[in-house]
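Below are the chains, spelled out letter by letter.
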Amino acid sequence: MKKIARKMMIAVIAFFGILFISNLSNASGLILRNLDYQVNLKQDGTAEVVETWKIRIEDTNTLFKTFEIDKDKYKEIRDVRVEEVKSSGKVNFTKINQEKYHVDKNCFYALKNKKGQFEIAWGVHLKDTTRTYQISYTIVDAIKNYADCSEFYWQFISTESAIPANRVTGTIELPRASF
C-alpha cells in the first residue's frame with residue numbers, strides 16, 4: 001500500500017511539473033488568471049474532471065482545448081459540459097455536434113477534430129473582459145491497474161496550448177482503498 005501511495009505522489013508531482021512547463025508559451029489576447037483542476041478518480045477506473053478557467057479575454061470568438069487520442073492511456077472522454085460561472089449561478093452551454101472555427105455564442109462541441117484530436121470548444125464572442133468557465137468531463141479507463149500498483153497518467157494542458165496561466169492549482173481525489 002505504501003508503494004502505491006508513493007507512486008501516486010510521484011504522479012501528482014509530475015502532473016504539476018507538466019502544468020508549469022506547458023504554460024511557458026504565450027497566446028496573444030488571452031490570459032488565464034486562474035486555472036484549477038478538480039479530479040476525482042473512481043474505483044471503476046474513470047476520472048471525473050472539472051476545470052475552472054478564470055480567463056482574461058481581449059478579443060476572441062472561441063475558446064478550446066485539445067486532447068491527444070491514445071487508446072493505450074484511456075478509452076474515451078464523455079459527459080462533457082461547459083458552463084459559464086456567474087455571481088447569479090451557472091449558465092449551461094448548448095452542445096452541438098459539429099466542429100466550427102467560430103462556435104456560436106453559448107454553444108460548445110466535444111468531438112474528434114480534423115487533426116484527429118479530441119477537442120472541446122465553446123463560443124464566447126467577447127472583448128475586453130474576464131470571465132469564468134467550468135469544463136467538466138469523464139475520462140473512461142483513465143486508471144491502469146497492475147499487480148503491484150495503479151497508474152493515472154494524464155496531460156491536463158496540451159502542448160498546443162498557447163494561453164499563459166498566472167496561477168495553476170489542482171486537487172486529485174483518490175478512490176477509497178478496498179480491503
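The structure this text deals with has already been given above.
Note that this is a predicted model, so its numbers are computed, not measured.

Caption draft 1: Spatial organisation of the pairing of strand 1 (residues 30-41). Where strand 1 lies against strand 2 (residues 47-67), 11 bridges are found, and the strand directions are antiparallel. Along strand 2, the bridge assignment pairs Val39 with Val49. Between strand 1 and the antiparallel strand that follows it, strand 2, lie 5 residues; Gly45 among them carries a positive phi value of about 95°. Relative to strand 10 (residues 168-173), strand 1 is paired through 6 bridges, and the arrangement is parallel. Paired with Tyr37 across the two strands is Gly170, which belongs to strand 10.

Caption draft 2: Representation of the nonpolar core. Counting residues in each nonpolar core, the largest one holds 37 residues, and the members touching the most others are Ile55, Ile120, Trp122, Tyr133, Tyr137, Phe152 and Trp154. Those elements that place two or more of their residues in this core are strand 1, strand 2, strand 3 (76-86), strand 6 (107-112) and strand 7 (118-140). Of all the elements, strand 7 adds the most residues to this core, at 9 residues. One finds Val103, Cys107, Tyr109 and Leu111 within the second-largest nonpolar core, a separate group that totals 6 residues.

Caption draft 3: Spotlight on the pairing of strand 3. Note that strand 3 and strand 7 share 7 bridges and pair antiparallel. Residue Glu76 lies in a different strand from strand 7, and its bridge partner there is Val140. Where strand 3 meets strand 4 (residues 89-92), 4 bridges bridge the pair, whose relative direction is antiparallel. Looking at the pairing, Lys86 lines up with Gly89 of strand 4. Counting the residues between successive antiparallel strands, the hairpin from strand 3 to strand 4 contains 2 residues.

Caption draft 4: Structural detail: the packing of aromatic side chains. Here the structure, examined in full by the defined rule, presents 9 aromatic pairs. An angle of 40° between the planes, with centres 5.7 Å apart, marks the rings of Phe67 and Trp154 as tilted. In this pair, Phe67 is assigned in strand 2 and Trp154 in the loop between strand 9 (150-152) and strand 10, connecting sequence segments 87 residues apart. Take Phe67 and Trp154: they sit in the same class, and that class is buried. Look at Tyr74 and Trp154: their rings are 4.9 Å apart centre to centre, the planes differ by 75°, and that puts the pair in the edge-to-face class. With Tyr74 in the loop between strand 2 and strand 3 and Trp154 in the loop between strand 9 and strand 10, the pair connects residues that are 80 residues apart, well separated along the chain. Residue Tyr74 is classed as buried on the basis of its relative accessible area of 4%. The class for Trp154 is buried, based on a relative accessible area of 9%.

Caption draft 5: Focus on the pattern of salt bridges. Taken as a whole and judged by the stated rule, the model has 8 salt bridges. Glu51 serves as the salt-bridge partner of Lys65, at 2.5 Å between the closest nitrogen and oxygen. Classification of Lys65 by relative accessible area gives buried; the value is 7%. For Glu84, the salt bridge goes to Arg131, with nearest N and O atoms at 3.1 Å. Of the two residues, Glu84 sits in strand 3 while Arg131 sits in strand 7, which places them 47 residues apart along the sequence. One connected set of salt bridges, linked through shared partners, spans Arg81, Glu83 and Lys90.

Caption draft 6: Highlighting the side chain of Asn113. In this fold, Asn113 is placed in the loop between strand 6 and strand 7. Given a relative accessible area of 8%, Asn113 falls into the buried group. Of note is the side chain of Asn113, whose polar atom sits 2.9 Å from the backbone nitrogen of Lys115. Within the structure, Asn113 has its side chain in polar contact with the side chain of Glu119 (distance 3.3 Å). Leave out the neighbours within four places in its chain, and Asn113 touches Thr66, Glu99 and Glu119.

Each value, and the rule that gives it
Residues numbered from 1 in each chain as written. Predicted model: local features only at pLDDT ≥ 70, side-chain atom pairs only at ≥ 80, totals over all residues. Heavy atoms only, no water. Pairing = 2+ DSSP bridges. Helix = DSSP H or I, 4+ residues; strand = E, 2+ residues; numbered from the N terminus. Core = buried A, V, L, I, M, F, W, Y, C linked by side-chain atoms within 4.5 Å. Buried < 20%, exposed > 50% of the residue type's maximum accessible area, 1.4 Å probe, protein only. Phe/Tyr/Trp six-rings, centres within 6.5 Å; stacked < 30°, edge-to-face > 60°. Salt bridge = Lys/Arg side-chain N within 4 Å of Asp/Glu carboxyl O. Polar contact = N/O pair within 3.5 Å; in protein donor to acceptor, adjacent residues only side chain to side chain. Contact = heavy atoms within 4.5 Å.

As far as function goes, none of this settles anything; it's purely spatial.
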